Amino acid sequence: SSMGLSLNRNMPLLELTWSQTNSCISKYRDRIFSKEGSNTEKELQILLADGEDNNLSYESVDFTIPTVLVIGSEATGVSNEARSLRGVVSNIRIPMVRQLESFNAAMAGSIILAEAARQRRVDAKK
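Below you will find a few notes about this structure.

What counts, and at which threshold
- Residues numbered from 1 in each chain as written.
- Predicted model: local features only at pLDDT ≥ 70, side-chain atom pairs only at ≥ 80, totals over all residues.
- Heavy atoms only, no water.
- Helix = DSSP H or I, 4+ residues; strand = E, 2+ residues; numbered from the N terminus.
- Buried < 20%, exposed > 50% of the residue type's maximum accessible area, 1.4 Å probe, protein only.
- Contact = heavy atoms within 4.5 Å.
- Pairing = 2+ DSSP bridges.
- Axes fitted to C-alpha atoms, helices over the stretch in contact; angles between N-to-C directions.

A closer look at the environment of T21
- In this structure, T21 sits in helix α2 (residues 18-33).
- Judged by relative accessible area, T21 falls into the buried class, the value being 9%.
- Each C-alpha atom, one on T21 and one on V68, is 9.2 Å from the other, the two residues being 47 residues apart in sequence.
- T21 has contacts with L16 and L85, leaving out every residue within four places of it along the chain.

Structural data, given as structure tokens:
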């Protein structure tokens, strides 16, 4: 679809092992932290999308800052390895209507990334 092609061109998507993910996050934080006066907690957010009702709605997240997004599976949610990432900012969810129980991981990721792309387009116009 054109949305998928657009997201692929404009947002870097990586598939990494948990070891690689931790290493990548550490390198990014080290690079940011080395800048004088930089606050790493505001410079990078780690979000876990696991569908729990008590989580923050994805619509209220600021995706204009660099974001690591981890999407849990339908059956088991987010793994313990993901939950143990240093610096997890929030667990997020997609509010459900009527009797829908959950979206599959691909659909949930698409919805959340579309919102991230929308926010970044709006931010770029400022």
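Side note on the sheet that holds strand β1 (residues 45-49)
- Read from one edge of the open sheet, 4 strands run β2-β4-β1-β3, paired in parallel fashion. Of all strands in the sheet, those bounded by a partner on one side alone are β2 (56-57) and β3 (67-71).
- As paired elements, β1 and strand β4 (residues 88-93) share 4 bridges and run parallel to each other. Directly across from L48, in β4, lies its bridge partner N91.
- Contacts between helix α5 (residues 105-124) and the sheet are confined to β1, β3 and β4, with β3 contributing the most and set at about 160° to the helix.

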